[in-house]
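Report on the structure
Listed below are the residues making up each chain.
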Amino acid sequence: MALLRHTSSVIAERHALTINPAKTCQPVGAMYAALGIHACLPHSHGSQGCCAYHRSTLTRHYKEPVMAATSSFTEGAAVFGGQANLLQAIETIFTTYNPELIAVHTTCLSETIGDDLVQIIAKAREEGKIPHGKRVIHANTPSYAGSHVTGFSNMVKAMVTYLAEPARQRVRRINLVPGWVEPADIRELKRILAMLQIDATVFPDTSGVLDGPQTGSFAMFPPGGVTCEQLVKTGANSLTMAIGPTASHAAALALDAKCKVPFETVELPLGLRATDTFVQTLAARAMVEIPPALEEERGRLVDVMSDMHQYFYRKRVALWGDPDQLVALTGFLCDLDMLPVYIVTGTPDPTFEDRIACAMQGRVPGAKVRQGPCADMFLLHQWIKQEPVDVLIGNTYGKYIARDENIPFVRYGFPILDRVGHAYFPSLGYYGGLRLLEKILDAILDHKDRTSPEESFELVL
Amino acid sequence: MKNRPAPERLREQLVKRYPAKVAKKRLGQIVVNTKDASGAVPEIKANTRTSPGIITQRGCCYAGCKGVVLGPTRDIINLVHGPIGCSFYAWLTRRNQTRPETPDADNFMTYCFSTDLRDEDIVFGGEKKLRQAIQEAYDLFHPKAIGVFATCPVGLIGDDIHAVAREMKEKLGGCNVFAFSCEGYKGVSQSAGHHIANNQLFKHVIGLNDEPPAGRFKITLLGEYNIGGDAFIIEEMLAACGITLVATLSGNSTIAQFERAHTADVNCVMCHRSINYVADMIEKKYGVPWFKVNFIGANATAKSLRRIAAFFDDPQLTQTVEAYITEQLAQVHAVAADVRTRCEGKTAMLFVGGSRAHHYQELFAEIGMKTLAAGYEFAHRDDYEGRRVLSSIKVDADSRNIEELDVQPDPEKYRPRISPEEMAARGLPHQDYAGMMPEMEDNTLVIDDISEHETQELLHTWRPDVFCAGIKEKYGVQKNGIPCKQLHSYDYGGPYAGFKGAINFYREIDRMINATVWKMITPPWRQNGTPHLEAEYVRS
């Protein structure tokens, strides 16, 4: 009996067939990024299905309302263009829902037929469909290029190209582009910035948007998110810190090109080494001291790493997901002396193998790393069938492999559809590293407790 | 209820914020229900295009085709031809459960197959890649069948997926390969996809095997998708009564079932919207009649089992069925009586799908709950007003391109089972469905393709005790302190079909409505009558 009974350990090369993907398409990333703008309504310019699917996935991941509109293309629009649909949508959205901003992203349909969003939005303004003081921005996010992370990156870049304004006076504030991370991670980043006494604009910022409270009253536009005003002023800030290159570098580059804001791009501050790099880079560029309180937090993480080292040592790990997360996680696992032996991302990224190698520092000989076409969870499972691993780390789709192969499984990444916690507890920073360690240990030790012979069933671990 | 606007006033209030043209259109889709002497209800506009930007529940044609109709069949490889997203979002996201007969029997439900079309494929065409993907799927898995599903770009780039399917079917030999032109922009909703799925199944699969299974009282169940195990319950019930289930379209199904689906003596239609096409086509070609059943609700289930018994008109079967019903209803009534004490007089609203918004009203009624308002996401006028209005429905431009197959009686296989007159004599509503509105009370509100704005307005004004919809609505409803029951996914619960399912549903609604947490939303320091102390710390 098996959930994935058709997966054999004999690997045949595939060139055309993707099975159990380790990526999805651009628009959902654009939708998630747009939700990080205060009082923004994301808008999907395509068929109804796209918007429905993207809202559904984000909703299942966050257990929160995810509001977005669609151009509802019909066959006629596919032939003649979606201008009429988008113009009507803009009018209906401002009239009915009154957001501050509509963030439009395209789909494979609107891209294939070549709708010119710049022209359509200009026409909307001409026709008075955009109320005074309100804005409409757009990003081109064709689903047949890149992955969902590309869509996120494109929308964040659009925030810059549309809204950021150059300024003569530099302000002693930094921009932080946090990458595709959870609201809890953004809260944690802001907390670290506060400890370093660095004033920052974080964009996009989904905290206070997708981790909202139950107050008995539904707010179409929750209080969180970066404001348009703050986005405008990003052009006046002194530095952009882009974390997670795949997700954030493009926006930092654009801010430099448009407003001459210098930038640093670093890997996601996940785990000890990457958080050290983040903190040091920030402190150096902002010329601030690293406070004892933060150093103590670091010390606590190191403490747990050393206390529980025996349970991490030489454990083989299989990971899948998005490049930024995988690179940082690989570094962390290596510093724990774990062996991330199988790493798969469906996101095409020619720099991926190099970034992973850099994170591994030669400590995982024979590691199998794959990105892009046909780099999927079917392949990952086949590797596992050939030679098993001790831990799985990835999104909810891993549970089928975990159950079939009886492997401890830690949920991390996107989407997580069957557990809560990821929106409320960070995985970034030293504090987030602690939580990640707790989760990895829980998985390993629960498994140990479930499978130990009675004679070696331990009280203390 | 204090300050609760009357239905006609609420109807106007719902559209006030919209631009004028949108308001006018929506007014045609929001109807105050009344029933005249002949049982006729007001006309409602349905199955028309959604206003862009209004925030709809609807999805697309592809979802209705691949997700709904073909998805639940476990031994077909469903290959999505398009960019990665369409296949990813339909990967296990629908709770159509399945039970392979043996540990080794084919089961592809946990897999997601895609040609992952990229830039170069869009520019140069994807047929070559599709051909190769089909070959790779066959070489790896040797499936009995491969279904190919088109996504939005496919029609635009001119890939002839049917030609590729034909070619590969011949090349592979022994593997049925067929394609669905279900591009997402076709039609106005998932409904177009149902229709396309029905057409292609009828063309390529149904009727391939004329050998019926052994057993008496053969029925085929149409429009049951085994969400949360509903079909398992129905299978159990039918088996207990000695009724032979030839095929289910398509819950817990295999392609072998589809191939012989036409060998039943009667077809029983659960979800009218998604499968009425196949029901009509099988009757036209093979003479197998159909009537509507409904296994949602204990009384409805009893009625449906009795209908099946009436069709076969066999005293032994009738006796078995009656005994089964009596035994089951006793258990149901005990639970309903208990749950009623906590749910009597409470209110519900249902806005979902193309069938459930109607049938689940029965379950609520069985625990004393009133339906204030209801509507479908993608149903047509006949689902609202009944099939009596079919001839007056005009197919608009958006739906005109969906193929209507021209079906003729098969020269050898057409074999009408009983005449329509005999069916009527046995009390069987041949090819009929009364629709939702005739079974709703006067002055309830019926809303087609409800928007997010209208949903929130309904919640604030008529404040139901429970609101039924889908995942996209769920948390926006619950943030108001009102429980939302998902009727697509059952909130990962169920089954809710049959007698056992009714008991599950009663208990679930009891849980949702009466959960302690709803009373704890307001912090104690914000509640009336709680002393609120203020003081300043003064240094001594």
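Everything discussed here concerns the structure shown above.
Just so we're clear, the structure is a prediction, and the values are computed from it rather than from any experiment.

Any two packed helices are characterised by the angle at which their axes cross and by the distance between the axes. Residue and element names in this part refer to chain A. Helix α7 (residues 148-163) packs onto helix α1 (residues 26-34) with a crossing angle of 40° between their chain directions and a minimal axis gap of 6 Å. Relative to α7, the element α1 is oriented oblique. In this structure, α1 meets α7 at a crossing whose hand is right-handed. Between α1 and α7, the contacting residues are Gln26, Val28, Gly29, Ala30, Tyr32, Ala33 and Ala34 on the first element and His148, Thr150, Gly151, Phe152, Asn154, Met155, Val156 and Met159 on the second.

Looking now at the state of the cysteines. Residues and elements named next belong to chain B. For the coordinates displayed, the defined rule picks out 0 disulfides over all chains. Here Cys112 stays unpaired: no disulfide links it, and the sulfur of Cys86, its closest cysteine neighbor, is 10 Å away. Since its relative accessible area comes to 3%, Cys112 is described here as buried. Not engaged in a disulfide, the cysteine Cys268 finds its nearest cysteine sulfur in Cys241; these two sulfurs lie 12 Å apart. Assessed through its relative accessible area of 0%, Cys268 is described here as buried.

All names here are of chain A. With respect to the helices and strands, the residue His61 is situated in helix α2 (residues 48-62). The exposure class of His61 is buried, given its relative accessible area of 1%. Separated by 335 residues in the primary sequence, His61 and Thr396 have C-alpha atoms spaced 9.7 Å apart. Sequence-distant contacts of His61, that is, excluding residues within four places in its chain, are made with Glu182, Gly413, Phe414, Pro415, Ile416, Leu417 and His422.

This paragraph deals with the nonpolar core. Soluble, globular proteins show a tendency: their nonpolar side chains are buried together. Ranked by internal contacts, the top residues of the largest apolar core, which has 287 residues, are Met155, Phe278, Leu392 and Ile393 of chain A together with Ile134, Phe499 and Tyr506 of chain B. Top contributing element to this core by residue count: helix α14 (residues 315-343) of chain B, with 10 residues. Setting aside residues up to four positions removed in sequence, Met155 of chain A forms contacts with Ala30, Ala33, Ala34, Ala103, Val104, His105, Ile137 and Ala139 of chain A. Formed by 24 residues, the second largest nonpolar core is a distinct cluster that contains Phe351, Leu458, Leu459 and Trp462 of chain B.

All names here are of chain A. The residue Lys157 is located in helix α7 in this model. For Lys157, a relative accessible area of 35% gives the class partly exposed. It is 8.1 Å that separates the C-alpha atoms of Lys157 and Ala139, two residues lying 18 residues apart in sequence. In contact with Lys157, other than residues within four places in its own chain, are Ala250, Ala251 and Ala254.

Residue and element names in this part refer to chain A. Pairing in this open sheet of 4 strands is parallel, and the strands run β7-β6-β8-β9 from one edge to the other. The outermost strands of the open sheet, each flanked by one partner alone, are β7 (200-202) and β9 (263-266). Shown here is a sheet whose adjacent strand axes are inclined to one another by a mean of 20°, direction ignored. Bridge count for strand β8 (residues 237-243) against β9 is 4 bridges, and the pairing is parallel. Looking at β9, one finds that Met241 is bridged to Glu264. Across the sheet, helix α8 (residues 183-195) lies against β6 (171-177), β7 and β8, angled at about 175° from β7, the strand it touches most.

Residue and element names in this part refer to chain A. The terminal C-alpha atoms of helix α11 (residues 272-286) lie 21 Å apart, and with 15 residues this matches the ideal 21 Å at 1.5 Å per residue to within 8%. Those residues of α11 lying buried are Leu272, Ala274, Thr275, Asp276, Phe278, Val279, Thr281, Leu282, Ala283 and Ala286. Looking one or two residues beyond α11, the residue adopting positive phi is Met287, at roughly 55°.

Attention now moves to the sheet that holds strand β7 (residues 244-250) of chain B. Paired through backbone hydrogen bonds, the strands of a sheet run either parallel or antiparallel to each other. All names here are of chain B. With parallel pairing, the 4 strands of this open sheet are ordered in space as β7-β6-β8-β9. For this open sheet the edge positions go to β7 and β9 (290-292), each flanked by a neighbour on one side alone. Strand-to-strand twist of the sheet, defined as the mean angle between neighbouring strand axes without regard to direction, takes the value 25°. Two strands pair when backbone bridges link them, and strand β6 (residues 218-224) and β7 are joined in this way by 6 bridges, in the parallel orientation. The residue bridging Thr220 from the neighbouring strand is Ala247, located in β7.

This brings us to the interface of chain B and chain A. Taken together, the contact between chain B and chain A spans 80 residues of the former and 76 residues of the latter. A buried area of about 6,900 Å², summed over both sides, lies between chain B and chain A, and 63% of it is on carbon and sulfur atoms. Looking at the side of chain B facing chain A, the largest losses of area belong to Pro52, Tyr89 and Lys479 of chain B, adding up to 13% of the total buried there. On inspection of chain B and its partner chain A, the count reaches 2 salt bridges. Counting the contacts that link chain B with chain A gives 34 residue pairs in polar contact (both at pLDDT 80 or more). For the side of chain B that touches chain A, the secondary-structure elements that each account for two or more residues are α3 (61-70), α4 (84-89), β3 (113-114), α5 (119-124), α6 (127-141), α7 (152-157), α19 (452-462) and α20 (471-478) of chain B. Broken down by class, the residue content of the side of chain B that touches chain A amounts to 41 nonpolar, 24 polar and 15 charged. Relative to β3 of chain B, strand β1 (residues 18-19) of chain A runs antiparallel, the two being bridged by 2 bridges. Bridge pairing in β3 of chain B places Thr18 of chain A opposite Ser114 of chain B.

We now examine the pattern of salt bridges. Residue and element names in this part refer to chain B. Applying the stated criterion to the full structure yields 60 salt bridges over all chains. Across the salt bridge formed by Asp398 and Arg49, the nearest N and O atoms sit 2.8 Å from each other. Separated by 349 residues along the polypeptide, Asp398 in helix α17 (residues 397-400) and Arg49 in the loop between β1 (30-32) and α3 bring together distant segments of the chain. When its relative accessible area of 43% is taken as the criterion, Arg49 is described as partly exposed. Across the pair Lys144 and Asp75 runs a salt bridge, and its minimum N-O distance is 3.5 Å. Here Lys144 is found in the loop between α6 and β4 (145-150), whereas its partner Asp75 is found in the loop between α3 and β2 (76-81), with 69 residues between them in sequence. A residue is classified by how much of its surface remains accessible, and Asp75, at 4% relative accessible area, is buried.

Let's shift gears to the side chain of Thr455 of chain B. One can find Thr455 of chain B in helix α19. In this structure, Thr455 of chain B is in contact with Ile450, Phe467 and Val477 of chain B, ignoring residues within four places of it in sequence.

Residues and elements named next belong to chain A. Strand direction decides the pairing type here: β6 and β8, joined by 5 bridges, are parallel. Within β8, the position partnered with Leu176 by the bridge is Met241. Pairing analysis gives 3 bridges linking β6 to β7, with the strands arranged parallel. Bridge assignment links Asn175 to a residue of β7, and that residue is Thr201.

In this section: the packing of helix α10 (residues 230-240) of chain B against helix α21 (residues 498-514) of chain B. Residue and element names in this part refer to chain B. Two elements in contact, α10 and α21, have axes separated by 8 Å at closest approach and are oriented at 140°. Taken together, α10 and α21 sit at an angle that is classed as oblique. Mapping the contact onto sequence places Ile233, Glu236 and Met237 in α10 and Gly498, Phe499, Lys500 and Gly501 in α21. Of the residues contributing to the contact of α10 with α21, the split by class is 3 nonpolar, 2 polar and 2 charged.

What follows concerns the packing of aromatic side chains. The relative placement of two aromatic rings is captured by the distance of their centres and the angle of their planes. Residue and element names in this part refer to chain B. For the coordinates displayed, the defined rule picks out 33 aromatic pairs over all chains. Ring geometry for Tyr376 versus Tyr384: centroids 4.7 Å apart, planes at 65°, classification edge-to-face. Neither residue differs from the other here; Tyr376 and Tyr384 are each classed as buried. Over the ring of Trp462 we find Arg4, and its NZ or CZ is 4.5 Å from the ring centre.

Our next topic: unusual backbone geometry. Note: most residues except glycine have negative phi, and most peptide bonds are trans. Here the bond from Phe414 of chain A into Pro415 of chain A is cis, since omega is -5°, no more than 30 degrees from zero. Cis geometry marks the peptide bond from Leu249 of chain B to Ser250 of chain B, where omega comes out at 0°. Along the chain, the position of Ser250 of chain B falls in strand β7. A positive phi is found at Ala39 of chain A, a non-glycine position, where the angle reads about 55°. Residue placement: Ala39 of chain A occurs in the loop between α1 and β2 (40-45). Within the chain, Asp337 of chain A stands out as a residue other than glycine whose phi angle is a positive 65°. Looking at the element boundaries, Asp337 of chain A is found in the loop between α14 (323-335) and β11 (339-345). On the basis of relative accessible area, Asp337 of chain A is assigned to the partly exposed category, the value being 31%.

About the thresholds
- Residues numbered from 1 in each chain as written.
- Chains lettered and ligands numbered in written order.
- Predicted model: local features only at pLDDT ≥ 70, side-chain atom pairs only at ≥ 80, totals over all residues.
- Heavy atoms only, no water.
- Axes fitted to C-alpha atoms, helices over the stretch in contact; angles between N-to-C directions.
- Helix = DSSP H or I, 4+ residues; strand = E, 2+ residues; numbered from the N terminus.
- Parallel < 35°, antiparallel > 145°, perpendicular 65-115°, else oblique.
- Left-handed = near helix turned anticlockwise from the far one by under 90°.
- Contact = heavy atoms within 4.5 Å.
- Disulfide = S-S within 2.5 Å.
- Buried < 20%, exposed > 50% of the residue type's maximum accessible area, 1.4 Å probe, protein only.
- Core = buried A, V, L, I, M, F, W, Y, C linked by side-chain atoms within 4.5 Å.
- Pairing = 2+ DSSP bridges.
- Expected span 1.5 Å × (residues − 1).
- Buried area = accessible area lost by both parts, 1.4 Å probe.
- Salt bridge = Lys/Arg side-chain N within 4 Å of Asp/Glu carboxyl O.
- Polar contact = N/O pair within 3.5 Å; in protein donor to acceptor, adjacent residues only side chain to side chain.
- Nonpolar A, V, L, I, M, F, W, Y, C, P; charged D, E, K, R; others polar.
- Phe/Tyr/Trp six-rings, centres within 6.5 Å; stacked < 30°, edge-to-face > 60°.
- Lys NZ or Arg CZ within 6 Å of the ring centre and 35° of its normal.

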